[in-house]
Amino acid sequence: MGRIDCASVVRPLFRSMSESGDLALTFGDERACMLALIDVLGHGANARKVAVKAGECVEELRTESPSGIIEGLHSRLAGTRGAVAAVCRFDAESGILRYAGVGNIALRTVGRQQGSFVTADGVLGYGVIRTSEKEQKLLPGTTLIMHSDGISTHFDILGCPGLLYKSAAEIASALLERFSARDDDASCIVMKFTQ
């Protein structure tokens, strides 16, 4: 059975402030985990207030399915500036990743398996959203990367020799440092499924 190594990083747009509208949450251990990445529209203190509200919702619903958490966020964020988000639940014993998302949170696998996952269009807290939970079997040696639009979706992991051999924390920090935009909050969650 494989093991899980998870880490997250968040960088606010205004580096002199600690307030970011991006929120990265990881729960679990080396056998199973739940990951949630939320990007509130806008920046600064007002976006942070919405991010805190979203974080409280995820904490309350963290035992629910990924689609259940997304639906809870949509309901809880009604009347706010809104957000985009993706939620994943992974079990190392089965190798099954379940995920759901709304908006432009990027999810991709690198290493042993390479691919991108599609999230639904929309903004949480606005209108009608269509949540569909999907499932993917991951093999040991695969790394999942989730990131907000504050990190370029066009980065090439092969342009970072040796990076995938590092810890999840080192990978997340390197991606944020090297590929983050200078005009947005940025956040990243990395989950390594190791042998």
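What you are looking at is a predicted structure, and each value in this text was computed from that prediction instead of being measured.

Asks: Teacher, can you tell me more about the nonpolar core here?
Replies: Generally speaking, soluble globular proteins have nonpolar side chains that are buried together. Residues Met34, Ile38, Val40, Val58, Ile70, Leu73 and Leu124 are the most contacted members of the largest nonpolar core, which totals 24 residues. The element contributing the most residues to this core is helix H1 (residues 44-61), with six residues. In this structure, Leu37, Ala92, Phe117 and Met191 belong to the second largest nonpolar core, which totals 21 residues.

Asks: Would you mind going over the sheet that holds strand S2 (residues 22-28) with me for this structure?
Replies: Each strand in a sheet pairs with its neighbour through backbone hydrogen bonds, running either in the same direction (parallel) or in the opposite one (antiparallel). Pairing is antiparallel across the open sheet formed by five strands, whose spatial order is S2-S3-S4-S5-S8. A single partner strand is all that each edge strand has here, and the edge strands are S2 and strand S8 (134-137). This sheet shows a mean twist of 15° between the axes of neighbouring strands, independent of strand direction. As judged from the seven bridges shared by S2 and strand S3 (residues 32-40), these two strands associate in the antiparallel manner. Considered in S3, the bridge of alanine 24 is made with leucine 37. The strands touched by H1 within the sheet are S2 and S3, with S2 carrying the most contacts at an inclination of about 20°. Against the sheet, helix H2 (residues 66-76) makes contact with S3, strand S4 (83-91) and strand S5 (96-102), and its axis sits at roughly 160° relative to S4, the strand it touches most.

Asks: Which parts of the structure should I look at to understand the pairing of S5?
Replies: Here is the key point about a regular strand: its side chains alternate between the two faces of the sheet. Extensive coverage of S5 is indicated by the burial of six of its seven residues. One ladder, built from seven bridges, connects S4 with S5; its direction is antiparallel. Looking at S5, one finds that alanine 86 is bridged to glycine 101. Two successive antiparallel strands, S4 and S5, enclose a turn made up of four residues, where glycine 95 displays a positive phi of approximately 75°.

Asks: Would you explain the state of the cysteines in this entry?
Replies: Throughout this description, disulfide means a covalent bond between two cysteine sulfur atoms. Applying the stated rule across the entire model yields zero disulfides. Here cysteine 88 is not cross-linked by a disulfide; its sulfur's nearest cysteine counterpart is in cysteine 33, at 8.2 Å. In this structure cysteine 88 comes out as buried when scored by relative accessible area, which is 1%. Between cysteine 160, a free cysteine, and cysteine 188, which holds the nearest cysteine sulfur, the sulfur-to-sulfur gap is 11 Å.

Asks: Looking at this structure, how should I read helix H3 (residues 168-179)?
Replies: Every α-helical turn comprises 3.6 residues, leaving residues that sit three or four positions apart pointing alike. In this model H3 runs 16 Å from its N-terminal to its C-terminal C-alpha over 12 residues, within 8% of the 16 Å that 1.5 Å per residue would give. Where the residues of H3 are buried, they touch strand S1 (3-11), strand S9 (142-147) and strand S10 (186-194).

Asks: Honestly, the pattern of salt bridges in this entry has me stumped. Any pointers?
Replies: One side chain can pair with another of opposite charge once the charged atoms of both are near each other. Taken as a whole and assessed by the stated rule, the structure comprises five salt bridges. One salt bridge connects glutamate 60 with arginine 76, and the closest N-O pair in it is separated by 2.6 Å. Of this pair, glutamate 60 sits in helix H1 while arginine 76 sits in helix H2; the two residues are 16 residues apart in sequence, bridging distant segments of the chain. Of the residues examined, glutamate 60 reaches a relative accessible area of 53% and is grouped as exposed.

Criteria and cut-off values
The residue count restarts for each chain, going from 1 along the sequence in the order it is written. Owing to the predicted nature of the model, reporting of local features is limited to residues with pLDDT of at least 70; listing and counting of side-chain atom pairs is limited to 80 or more, with chain, interface and lining totals taken over all residues. Neither water nor hydrogens contribute to the side-chain values; these are computed over all heavy atoms in the structure. Side-chain atoms within 4.5 Å are what join buried Ala, Val, Leu, Ile, Met, Phe, Trp, Tyr and Cys residues into a set we call a nonpolar core. Here's how the labels work: a residue is buried when its accessible area is under 20% of the maximum for its type, exposed when over 50%, partly exposed in between, all with a 1.4 Å probe on protein chains only. Helix and strand definitions follow DSSP, with helices as H or I runs of at least four residues and strands as E runs of at least two, each counted in order from the N terminus. Here, any two strands with at least 2 DSSP bridges between them count as paired. The axes are straight lines fitted to the C-alpha atoms, using for helices just the contacting stretch, and the angles between their N-to-C directions are given from 0 to 180°. Should any heavy atoms of two residues lie within 4.5 Å, those residues are counted as being in contact. The disulfide criterion is simple: two cysteine sulfur atoms within 2.5 Å. Multiply 1.5 Å by the residue count of a helix minus one, and that product is the helix's expected span. For this document, the term salt bridge refers to a Lys or Arg side-chain nitrogen within 4 Å of an Asp or Glu carboxyl oxygen.

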